[in-house]
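# Secondary and tertiary structure notes
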Amino acid sequence: MGKKMSIVLLRIMLALLATSIITPKSNGENEQWCIADEQTPDDELQAAMDWACGNGADCSKIQMNQPCYYPNTTRDHASYAFNSYFQKFKNKGGSCYFKGAAVITELDPSHNPCRYEFIP
């Protein structure tokens, strides 16, 4: 019985070790958001934001009286729209490009009361 128990424990330990190696890290190392590039002019941001909002981004939270309306700037609204689109479509071939108007960040751009979505 002692030898069988040792083999069972060894198998359990190997399974746990394999799981810990294969499981992606959840400490934020892989978290990415898509935001407006600070160097992009407002007219280009507006055009890219209009495209994102018309092609699947959830832009309801950047409307007046919603949690992400303030700060009420084209750049902030575009960042929210770009990220919404990126999170929704990144696992389906979508990107964070928007004709060069957006960049990836690993710093969560959320601010109270506005929460930027992150989908693993």
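Residues numbered from 1 in each chain as written. Predicted model: local features only at pLDDT ≥ 70, side-chain atom pairs only at ≥ 80, totals over all residues. Heavy atoms only, no water.

Let us look at the overall build of the protein chain. Broken down by element type, the protein chain carries three helices and two strands. From first element to last, N terminus to C terminus, the protein chain shows the α and β order α-β-α-α-β. Partitioning the contacts of the protein chain with sequence separation of at least 6, the portion at a separation of at least 24 is 76%. For the protein chain, the exposed surface amounts to about 8300 Å²; the carbon and sulfur share of it is 57%. (Helix = DSSP H or I, 4+ residues; strand = E, 2+ residues; numbered from the N terminus. Contact = heavy atoms within 4.5 Å. Areas by Shrake-Rupley, 256 points an atom, 1.4 Å probe, with all protein chains shown as cover.)

This part covers helix H2 (residues 42-54). If you check H2, its first and last C-alpha atoms are 18 Å apart, about what 13 residues at 1.5 Å a residue would give, namely 18 Å. Within H2, the full set of buried residues consists of Leu45, Ala48, Met49 and Ala52. Buried residues of H2, viewed axially, fall in a sector of 105°; they line one side. Away from the buried face of H2 by more than 90 degrees, exposed residues Asp43 and Gly54 are located. Where H2 is buried, its residues contact strand E1 (33-36) and helix H3 (74-89). Phi turns positive, to about 120°, at Gly56, one or two residues after H2. (Expected span 1.5 Å × (residues − 1). Buried < 20%, exposed > 50% of the residue type's maximum accessible area, 1.4 Å probe, protein only. Arc of directions from axis to C-beta.)

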